[in-house]
2 protein chains.
Amino acid sequence: MPQSEVSGVSRTLAELVAATSWADVAAQQHEAKRSILNFFATAIGSAHDPAVTIALRTLLPFSGGASSTIIGRTERLDAMGAAFVNAISANLLDFDDTHPETIIHPAAPVAAPVLALAEARGLHGRDVLTAFILGVEVECRIGNAVSPQHYARGWHITSTCGIFGAAAACAKLLGLSVDDIANAIGIAASQSAGNVENLPTAAKNVSVGNAARNGLFAALLAQQGYEAAPRAIEGPLGWARAMGDDPDLGRLLGGLGQTWEISKNTYKPYPAGIVFHAVIDACFALREQYHVTTAQIAAVRVRGDALLLARGDRLVRNAREARVSMQHCVAAPFLWGKAGVEEFAEARVMSDAAVAFRTLVRAELDASLPMGAATVIVRTHAGDTYEATVVHARGSLAHPLSDAELDAKVSAAASGAMPAPDIEQALTMLWQLQHLATIEPLMALMAGCAAAESP
Amino acid sequence: MPQSEVSGVSRTLAELVAATSWADVAAQQHEAKRSILNFFATAIGSAHDPAVTIALRTLLPFSGGASSTIIGRTERLDAMGAAFVNAISANLLDFDDTHPETIIHPAAPVAAPVLALAEARGLHGRDVLTAFILGVEVECRIGNAVSPQHYARGWHITSTCGIFGAAAACAKLLGLSVDDIANAIGIAASQSAGNVENLPTAAKNVSVGNAARNGLFAALLAQQGYEAAPRAIEGPLGWARAMGDDPDLGRLLGGLGQTWEISKNTYKPYPAGIVFHAVIDACFALREQYHVTTAQIAAVRVRGDALLLARGDRLVRNAREARVSMQHCVAAPFLWGKAGVEEFAEARVMSDAAVAFRTLVRAELDASLPMGAATVIVRTHAGDTYEATVVHARGSLAHPLSDAELDAKVSAAASGAMPAPDIEQALTMLWQLQHLATIEPLMALMAGCAAAESP
């Protein structure tokens, strides 16, 4: 075989995926469990959103055996359908995990098909963790190789790179050979899609769901003998260059098997854009330190870097827009003392109080602040000013959520769908995932039982 | 609603799709029937290829109700699965139709979901024709707007643009409103994928199948209420620009509803790249006019434009490579007096006679020849030379296949799968498609009955 084929990206990644055993990734298991915990929290929290209900209703007539759980729902689908729907609910509010270097949400497209397939085939929790860690590795390394231009050009990177992670993880779960894993990754290249222009709409959910579903599909096709070009990712007419990038092969393959992208994963305390987390933290700090109340506030100035301003200074007409509005991220902590799912839902977002308060908030560029940092300055009707600066927001790599905070995130999200003892049992299983001979009992719990009827 | 949204591409196309009735497109019905006839010919001819068998085997456990026929096979799938598999078989050998301006193969991604959905829902032949014509219109206009850069950059345009045609056609069949059709087209943007790098492999089939399947999926999701960005196609972070193109909106929308892209469709007499058709015709002409036999031939020179040389001067190691080999396109007519599916299949392609003959053929640039033309010059062992030039190949717009030739193409392709009276009955139905109250009897015939067991 010519050197050019031996060293192709698909094959090099496939060699890692095939050669890596549980023992090789056991040191990453804690972070993997935190990612999966967070995945369940966001999926169950959004399980009855109309976007999830519609996806499920559309797919029900097109499902084979109902082998796999829909998180937070009593309906079941085949593994490909469940992968699609669970990836949508996990990512729906962008409240899922974030890989800061790429802004990929790693878990949704990878955990959804891994869990659906493992449930359908009765696979071991250790295999789930191993496959998940490897899938995140492939997904984020490919994302690293094309960032930040890829997203800036209009590609929804969670969708476009997520499918590679899904394909690699499912190929690992299926026990494929190096050649077949490489083919699964290459087949994923021909299915990679998703536009930023569509992010404010439900079309975004379709590309995230497809990344999960079609990554599994790629692995199933490779298992049956479908092949792909050796250089499907990096070739002259391959994925990266068609999408506009000269992939950085050093970032893609450097330190492969020695460093792990899962160790850089982060989890959000607030269901809002990650760039606004420092703003929210600063508002909470002002509220707690100076006991500033809403009625006292005459004006709020938010100082931040260019990204914060570019992303966040916008009119809010609905809940989707509130999650990427700097103004609403100031309003929520001051108005309600909380910035959770409820404070970013339509009723609160469009309340008279919120609409009025948001008009008090102005944004200003402060180029001296590091990326992700923010300063919030409150002026009261009495003429006093209070100021707080947050450099490392809660949930960032420098200030990560604790295990207990992640437990609480699951509990809060699941409280409407599961009785408290079930939540506790599910959390115990998740933290002991490497010992579960099959994940069926865990998935049965996560289906919930007190779920509301779908609209 | 702001002007910018009113005039968005998705909505403008949706208005055409919603407003167009059978009466508006009846004048295009003849060409539409020719396209669908040709679609059936190529689909049934490849129905037992391993690539089709694998796709079918992979999807069978993931199918809902078996509502739809797999052409040339006894197995059935739900409409999304059947759309996937039938698009693959129709396009497998690139022996399907060609829209010359874009090199899109229009029928595979559009006819496959239209027929699968119409069969599942018991729809009228007139609705099938109307939806198909509109789907081809949307698909090829979007292709026109980004050609030729799109394909040159590495996008497999039949897949990437085919999905828009599939979405529009299925939305029409479902009777969706203007808004919902626009959403279906916009949702298609977030699923558009397929790389040229993967064309020599089965990964190509996946993107073609997905275009058909996911176009239907987009329409079903839009029917249930999923929305897309108004400028999903042409917006700053939308489909066209993410893929690298400033779309030519004049070519996309100019003369909408007055001209019809289906009228520019062409059909191949030979299962080889369209750029080689003039070479094959010239070889047949030499053989017939001068009675040159293989044994007499010492050398062959083929003169053509740069595209012909770029695409065709290559070593042949398998059937896929033979279909894009100038050398094999010379060998087939001289060795066997035919250039059909059999002459491009593995056994003939790798025969000693073909391997030896191909070494006699040399390519030369002739920049004076128009695109698509070729000159073939044969030198005999006796020292004589014979020369033939073909400017308009058989099957081109200037020299189209006749209806009788298309009938013969269907008959030849179906002969192993259907008894002659069934073929005749199917052809009668196809030419009278506008009178079929339901297409079920046609699809039942096209399933075949003498089909070989799948490998």
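Residues numbered from 1 in each chain as written. Chains lettered and ligands numbered in written order. Predicted model: local features only at pLDDT ≥ 70, side-chain atom pairs only at ≥ 80, totals over all residues.

(A) Representation of the overall build of chain A within the structure. Along its length, chain A carries 23 helices and six strands. In summary, chain A has a C-alpha radius of gyration of 22 Å against a globular reference of 23 Å for 455 residues, a match within 12%. Once the C-alpha set of chain A is aligned to its principal axes, its extents read approximately 75 × 50 × 40 Å. Across the 455 residues that make up chain A, the buried fraction comes to 60%. (Helix = DSSP H or I, 4+ residues; strand = E, 2+ residues; numbered from the N terminus. Rg over C-alpha atoms; globule rule 2.2 N^0.38 Å. Buried ≥ 20, exposed ≤ 12 C-beta atoms within 10 Å, placed from the backbone.)

(B) Here's a closer look at the sheet that holds strand S5 (residues 374-380) of chain A. Residue and element names in this part refer to chain A. Within the open sheet, the four strands sit side by side as S4-S3-S5-S6. Their pairing is mixed. Edge positions in the open sheet fall to strand S4 (361-365) and strand S6 (385-390), since each of these has one partner strand only. Geometrically, the sheet is characterised by an average inter-axis angle of 20° between neighbouring strands, direction not taken into account. By the bridge criterion, five bridges tie strand S3 (residues 297-304) to S4 in an arrangement that is parallel. By the bridge assignment, Arg301 is partnered in S4 with Arg362. Helix H15 (residues 277-290) contacts S3, S5 and S6 of the sheet and is inclined by roughly 135° relative to S6. (Pairing = 2+ DSSP bridges. Axes fitted to C-alpha atoms, helices over the stretch in contact; angles between N-to-C directions. Contact = placed C-beta atoms within 7 Å.)

(C) Region of the structure containing the interface of chain B and chain A. Opposite the 50 residues of chain B that make contact, chain A presents 50 residues. Of all elements in the fold, only helix H5 (50-59), helix H11 (178-189), helix H12 (203-223) and helix H13 (239-242) of chain B reach the threshold of two or more residues within the side of chain B that touches chain A. At seven residues, H12(B) tops the list of elements feeding residues into the side of chain B that touches chain A. Residues of the side of chain B that touches chain A, tallied by class, amount to 22 nonpolar, 20 polar and eight charged. (Nonpolar A, V, L, I, M, F, W, Y, C, P; charged D, E, K, R; others polar.)

(D) Expanded view of the environment of B:Leu406. Residue and element names in this part refer to chain B. With respect to the secondary-structure elements, Leu406 resides in helix H21 (residues 403-414). In the structure, Leu406 is positioned 171 residues away from Gly235 in sequence and 41 Å away in space, judged by C-alpha atoms. Those residues in contact with Leu406 that sit more than four places away from it in its chain are Arg34, Leu37, Asn38, Tyr267 and Leu401.

(E) Inspection of the relation of the copies chain B and chain A at higher detail. Overlay of chain B on chain A (RMSD 0.0 Å): rotation 180°, translation along the axis 0.0 Å. Here the transformation between the copies is reduced to the relation of a two-fold axis. Interface residue correspondence from chain B to chain A reaches 100%, placing this contact among same-surface, isologous pairings. (Least-squares fit on C-alpha atoms with pLDDT ≥ 70 in both.)

(F) Highlighting the packing of helix H12 (residues 203-224) of chain A against H5(B). Packing of H12(A) against H5(B) leaves a shortest axis separation of 10 Å and a crossing angle of 125°. By the angle between their directions, the pair H12(A) and H5(B) is classed as oblique. Judged by the sense of rotation from one axis to the other, the crossing of H12(A) with H5(B) is right-handed. Residues A:Leu220, A:Leu221 and A:Gln224 of H12(A) lie in contact with H5(B), whose contacting residues are B:Ile54, B:Arg57 and B:Thr58. For the contact of H12(A) with H5(B), the residue count by class is three nonpolar, two polar and one charged. (Parallel < 35°, antiparallel > 145°, perpendicular 65-115°, else oblique. Left-handed = near helix turned anticlockwise from the far one by under 90°.)

(G) Spotlight on the confidence of the model for chain A. All names here are of chain A. In the predicted model, chain A carries a mean pLDDT of 94, and 97% of its residues have values of at least 70. Note that pLDDT drops below 50 for residues 450-455; the model gives that stretch 15 contacts with residues more than four away or on any other chain. With pTM at 0.95, the complex prediction returns an ipTM value of 0.94. (pLDDT = per-residue confidence, 0-100.)

(H) The arrangement of helix H8 (residues 125-146) of chain B in detail. With 22 residues, H8(B) extends 32 Å between its outermost C-alpha atoms, agreeing within 8% with the 32 Å of an ideal straight helix rising 1.5 Å per residue. Within H8(B), 20 of the 22 residues are buried, which leaves the element mostly enclosed by the surrounding structure. (Expected span 1.5 Å × (residues − 1).)

(I) A look at the packing of helix H6 (residues 79-91) of chain B against H12(B). Residues and elements named next belong to chain B. Where H6 meets H12, the axes come as close as 8 Å, and the angle between the chain directions of the two elements is 145°. Crossing of H6 against H12: the hand is right-handed. Contacts between H6 and H12 involve Ala79, Met80, Ala83, Phe84, Val85, Ala87, Ile88 and Asn91 on the former and, on the latter, Asn205, Val208, Gly209, Asn210, Ala211, Ala212, Arg213, Leu216 and Phe217. Taken together, the residues of the contact of H6 with H12 sort by class into 12 nonpolar, four polar and one charged.

(J) Representation of the domain arrangement of chain A. All names here are of chain A. Assigned domains within chain A: domain 1 (3-267 + 429-446) and domain 2 (274-390). A separation of 34 Å is found between the C-alpha centroids of domain 1 and domain 2. Taken together, the contacts link five residues of domain 1 with four residues of domain 2. Across the side of domain 1 that touches domain 2, the residue classes break down as two nonpolar, two polar and one charged. (Domains from an automatic or database assignment.)

(K) Region of interest: the pairing of strand S6 (residues 385-390) of chain B. Residue and element names in this part refer to chain B. As paired strands, strand S5 (residues 374-380) and S6 are joined by six bridges and run antiparallel to one another. By the bridge assignment for S6, Ala374 is matched with Val390. Following S5, the chain reverses through four residues before pairing antiparallel with S6; Gly383 in that reversal takes a positive phi of roughly 95°.

(L) Examining the nonpolar core more closely. In terms of nonpolar packing, the biggest core is built from 252 residues, with A:Ala167 and B:Ala167 touching the most fellow members. In this structure B:Ala167 touches B:Ala184, B:Ile185, B:Ile187, B:Ala188, B:Gly215, B:Ala218 and B:Ala219, once residues within four positions along its chain are discounted. (Core = buried A, V, L, I, M, F, W, Y, C linked by C-beta atoms within 7 Å.)

(M) Region of the structure containing the sheet that holds strand S4 (residues 361-365) of chain B. Residues and elements named next belong to chain B. The four strands lie next to each other as S4-S3-S5-S6, forming an open sheet whose pairing is mixed. A single partner strand is all that each edge strand has here, and the edge strands are S4 and S6. Ignoring strand direction, the axes of neighbouring strands in this sheet form an average angle of 20°. Both strand S3 (residues 297-304) and S5 contribute to a ladder of seven bridges, which runs antiparallel. In the sheet register, Val302 faces S5, and the bridge partner there is Val376. The strands touched by helix H15 (residues 277-290) within the sheet are S3, S5 and S6, with S6 carrying the most contacts at an inclination of about 135°.

(N) Spotlight on helix H22 (residues 420-431) of chain A. Residues and elements named next belong to chain A. The end-to-end C-alpha distance of H22, which contains 12 residues, comes to 17 Å, matching closely the 16 Å that a straight helix rising 1.5 Å per residue would cover. Of the positions making up H22, those classed as buried are Ile423, Ala426 and Leu430. Down the axis of H22, the buried set is contained in an arc of 65°. They therefore lie on one face. Exposed positions of H22 whose direction lies more than 90 degrees from the buried face are Pro421 and Thr428. In this structure, the buried side of H22 is in contact with helix H4 (29-45), helix H21 (403-414) and helix H23 (440-446). (Arc of directions from axis to C-beta.)

(O) Spatial organisation of the environment of B:Leu134. Residues and elements named next belong to chain B. With respect to the element layout, Leu134 can be found in helix H8. On the neighbour-count criterion, Leu134 (29 C-beta atoms within 10 Å) is buried. Placed 126 residues apart in sequence, Leu134 and Trp260 show a C-alpha to C-alpha distance of 8.7 Å. If sequence neighbours within four positions are ignored, Leu134 has contacts with Val17, Thr20, Ala168, Ala169 and Lys172.

(P) How the structure looks around unusual backbone geometry. Residue and element names in this part refer to chain A. The omega angle of the peptide bond from Ser147 to Pro148 is 0°, so this bond is cis rather than trans. A positive phi angle is found at Ile103, which is not glycine, with a value near 65°. Along the polypeptide, Ile103 turns up in the loop between helix H6 (79-91) and helix H7 (107-121).

(Q) Structural context of the environment of A:Ala203. Following the sequence through the fold, A:Ala203 ends up in helix H12. For the pair A:Ala203 and A:Ala169, spaced 34 residues apart in sequence, the C-alpha to C-alpha distance is 25 Å. When residues no more than four places from it in sequence are discounted, the contact partners of A:Ala203 are A:Asn198, B:Gly186, B:Ile187, B:Ser190, B:Tyr226, B:Glu227, B:Ala228, B:Ala229 and B:Ala232.

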